[in-house]
Structures are given as C-alpha cells and as structure tokens.
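Structural characterization, general
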Amino acid sequence: MEKLGLGARKPLGWKKEMKRKLSEMVTLSSEEKKKKMKRKWGENGAEDGSLRNSKQKKAVKHEHERPGREKQLICSREESIKVGENSSAKKKSSTLEATVKGVLLSGNSSQKQAGISKSSSFLDKMRARLKGGQFRMLNETLYTCRGEDAFKLFQKDSGAFQMYHTGYQEQMSHWPQQPVQVIVDWLKAHSPKLVVADFGCGDAQLAKAVKNKVFSLDLVACDDSVIACNMAHTPLETASIDVAVFCLSLMGVDYSSFLKEAYRVLKIRGVLLIAEVKSRFDAAKGGADSADFVKALKGLGFSLISQDLNNKMFVMFYLQKQGGKGARKAVNWPDLKPCIYKKR
C-alpha cells in the first residue's frame with residue numbers, strides 16, 4: 001500500500017480496513033491478557049469472574065475470614081478476661097461453692113433433722129400415749145386388787161413397776177403442789193431423830209430429802225435402800241417407828257391391812273401422815289366421806305391431830321397412835337373411791 005500524503009486522496013474502503021486492524025489489535029491484546037492470567041492463576045483463573053485479580057481474591061478471602069477472626073479475637077479476649085478473672089475468682093468460686101455446699105448440706109441435714117424430729121416427735125407422742133395407757137391399766141389394777149396380788153404381780157414383772165412409777169411421776173409433774181413435799185416440810189419442822197417408815201415409797205424420794213432415818217417400803221426395790229414387801233406384812237419390828245407415812249399409797253381393796261401394819265410398827269404417840277387423792281373423798285361423786293374415814297382410824301386406835309381438805313389435788317390427815325391394845329371390835333372401813341379411767 002502506498003503512503004498517502006496529506007493532500008492525497010484516500011482510496012475506497014479504507015474505513016473498513018482500519019476497523020478490521022483495530023479489532024485485530026483488540027483481540028490480540030485480550031488474548032495476551034488471557035495468557036498472562038493463565039500463567040498467573042492457572043487454567044481457570046480467567047474464567048472465574050469473582051477472582052479477576054489478586055486484590056479481589058485477597059479481598060474476598062479477607063471477607064470470608066473476617067467473621068471467624070473477629071470471633072476468635074472476641075473469644076480470645078473473653079478467654080483472657082476469664083483467665084484473669086478465674087485466677088482471682090477461683091478462690092472466691094471455690095469458697096462460694098463450699099459455702100453453698102455447706103448451706104445445702106446444712107439445709108438437708110436440718111431438713112433431715114426436722115424430718116427426724118417430726119418423726120421422733122410423733123413416735124414420742126405415741127410412746128407417751130402407750131405408756132400413759134399402760135400406767136392407767138396398772139393404776140386401776142393396784143386400786144382394785146389385794147396387796148398380796150399386787151406384790152406378786154410386780155415381783156414377776158419389775159419392768160411393770162418401773163413403768164407405773166414413770167407414769168406416776170409424769171402425772172405428778174402437772175400438780176401445782178407435791179404431797180411428798182408437804183410431808184418433807186413437816187419432817188424438817190420436827191426432830192431429825194424421828195425414825196420414819198415410808199409405806200409405798202416409790203423411788204425413795206422422801207428418804208433422799210430429809211436427814212431422818214427412813215425405812216423405804218414398796219412392792220419392788222428400785223435400789224438397795226428400798227425394802228421390797230407386801231405393805232401389810234413388813235419386816236419392821238413392833239413399836240419401832242416414830243412416823244408412818246402413806247403418800248398416795250393407800251391402794252387396793254384391803255387398804256385397811258396397811259393401816260393396821262402401820263399401827264403395829266408405830267410407837268405409842270407415834271404420828272401417822274396420810275396424803276390421798278382428793279377425789280377419793282368426794283362423797284358427792286362416789287368417794288368416801290372423810291368423817292367416816294377418820295372414824296374408822298379412831299376405831300383402829302388413832303386420834304386426829306388435824307386434817308387439810310383445802311388443797312385442790314389431795315387431802316392431808318395427821319393422826320397419832322393412842323395407848324392400849326388397839327381396836328377390840330370390828331372397824332367399818334369406808335370404800336375409798338378407786339381411780340378408774342374412761343376407756344379411750
């Protein structure tokens with residue numbers, strides 16, 4: 001092709017020729033770029049539109065990794081904080097845990113104790129009711145049998161005697177005044193040289209409370225100081241005692257035989273002290289008349305010094321043995337009301 005000058009006339013079709021050459025140049029440049037991309041990224045590097053250059057790939061890579069890194073950073077920060085906190089809080093945590101465990105254990109133990117307490121409280125009540133029922137049964141038996149039968153009963157079963165006196169003491173604990181204390185006070189107001197016979201002594205409380213020499217007598221010997229016997233037949237010598245005491249112990253249908261024995265062992269001018277449940281002398285409710293009781297004692301050979309019927313729970317009789325040989329004719333003894341309990 002000849003060079004065309006500026007003023008030369010252009011041949012026909014030159015525009016098409018120029019377009020063709022330009023398209024070839026563009027094609028060559030695009031192919032070269034593709035080759036370069038292939039050399040740099042491999043066969044698929046130019047085909048992936050999302051990874052057109054390394055910057056885009058790195059940007060995409062960073063975009064994918066950022067949430068994980070942020071999470072790792074946050075976790076690492078939290079862990080470092082936790083590690084720092086744990087180092088200082090481990091002791092507190094362990095102490096708190098120990099405290100909580102201690103509280104829980106103490107709570108459980110207190111709940112267990114409360115449960116045991118409730119359970120034991122219920123059992124205690126049941127035992128108390130059972131013992132109360134056994135006491136009432138034994139008490140009725142003593143009031144309605146003969147002295148010899150009561151002696152044989154308790155000789156065979158000393159545990160029954162212990163059960164009876166446990167119930168007796170429990171009942172006495174509800175009385176505003178104890179009759180044995182009245183007798184103790186009387187003895188303390190008199191000479192300690194007086195020799196005493198305590199008929200139906202129980203646990204020998206009277207002997208332990210005074211300085212006097214006391215012969216403690218009962219159906220069973222609770223200790224070595226007590227003489228076990230039928231109180232109608234004691235081993236005491238005749239006219240050897242200064243004071244004979246019956247403190248809630250005139251029990252049995254043959255109670256008069258106990259009083260006859262007291263008369264035998266008492267010295268002349270010796271004193272007889274009797275404390276008995278007040279209901280037994282309530283004539284309006286089936287009890288004996290106290291005047292009839294005193295009359296019978298006079299027939300036996302006693303004289304009345306004084307009596308106290310004002311106490312709410314019990315009555316007191318103070319008598320003295322007169323001279324002579326005692327009653328020469330039969331004495332009409334009143335029936336003392338026995339303690340009979342309502343059936344439950």
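Quick look at the structure, then. Model, not experiment: these values are computed from the prediction. (Residues numbered from 1 in each chain as written. Predicted model: local features only at pLDDT ≥ 70, side-chain atom pairs only at ≥ 80, totals over all residues. Heavy atoms only, no water.)

Attention shifts here to the overall build of the protein. Each helix and strand counted, the protein has eight helices and seven strands in total. Burial analysis of the protein (344 residues in total) assigns 31% to the buried set. Across the protein, every contact between residues at least 6 apart in sequence was considered, and the portion connecting residues at least 24 apart equals 64%. (Helix = DSSP H or I, 4+ residues; strand = E, 2+ residues; numbered from the N terminus. Buried < 20%, exposed > 50% of the residue type's maximum accessible area, 1.4 Å probe, protein only. Contact = heavy atoms within 4.5 Å.)

Let's shift gears to the environment of Val214. With respect to the helices and strands, the residue Val214 is situated in strand β2 (residues 214–218). Its relative accessible area of 16% is what places Val214 among the buried residues. In sequence terms Val214 and Ala197 are 17 residues apart; their C-alpha atoms lie 5.7 Å from each other. Excluding residues that lie within four positions of it along the chain, Val214 makes contacts with Val196, Asp198 and Ala207.

Right, let's get into the pattern of salt bridges. Side chains carrying opposite charge are able to pair once their charged atoms draw close together. Inspection of every chain in the model, using the stated rule, returns four salt bridges. With a closest N to O distance of 3.9 Å, Arg146 and Asp254 form a salt bridge. Residue Arg146 is found in the loop between α2 (54–144) and α3 (147–156), and its partner Asp254 is found in the loop between β4 (241–247) and α7 (255–265); the two are separated by 108 residues along the sequence. Across the pair Arg280 and Glu276 runs a salt bridge, and its minimum N-O distance is 3.2 Å. The exposure class of Arg280 is buried, given its relative accessible area of 1%. Judged by its relative accessible area of 0%, Glu276 falls in the buried class. (Salt bridge = Lys/Arg side-chain N within 4 Å of Asp/Glu carboxyl O.)

With that settled, consider helix α4 (residues 158–172). Think of an α-helix as 3.6 residues a turn; residues three or four steps apart then line up on the same face. In a regular helix each residue adds 1.5 Å, so 15 residues correspond to 21 Å; α4 covers 21 Å between its end C-alpha atoms and thus fits that length. Looking at α4, one finds that the buried residues are Ala160, Phe161, Tyr164, His165, Gly167 and Met172. Each buried residue of α4 lies within a common arc of 160 degrees when the element is viewed along its axis, so the set occupies one face. (Expected span 1.5 Å × (residues − 1). Arc of directions from axis to C-beta.)

What follows covers the sheet that holds strand β5 (residues 266–277). Spatially, seven strands are ordered β3-β2-β1-β4-β5-β7-β6 in an open sheet, and the strand pairing comes out mixed. Because the sheet does not close on itself, it has two edges, and the strands there are β3 (226–228) and β6 (302–308). Going from strand to strand, the sheet's axes swing by 20 degrees on average, the running direction of each strand aside. Of the strands in this sheet, β1 (196–199), β4, β5, β6 and β7 (314–321) are in contact with α7, which crosses β5 at around 150 degrees. (Pairing = 2+ DSSP bridges. Axes fitted to C-alpha atoms, helices over the stretch in contact; angles between N-to-C directions.)

A separate point is the state of the cysteines. Scanning the model with the defined rule gives zero disulfides in all. Counting only cysteine sulfurs, Cys222 is the nearest neighbor of Cys201, a cysteine outside any disulfide, at a range of 5.9 Å. (Disulfide = S-S within 2.5 Å.)

Once that is clear, we can look at unusual backbone geometry. Even without a glycine there, the phi angle at Ala239 is positive, about 55 degrees. Along the chain, Ala239 falls in the loop between β3 and β4. Note on Ala239: relative accessible area 41%, which makes it partly exposed.

Looking at where Asn139 falls in the secondary structure, it is placed in helix α2. With relative accessibility at 5%, the residue Asn139 sits in the buried group.

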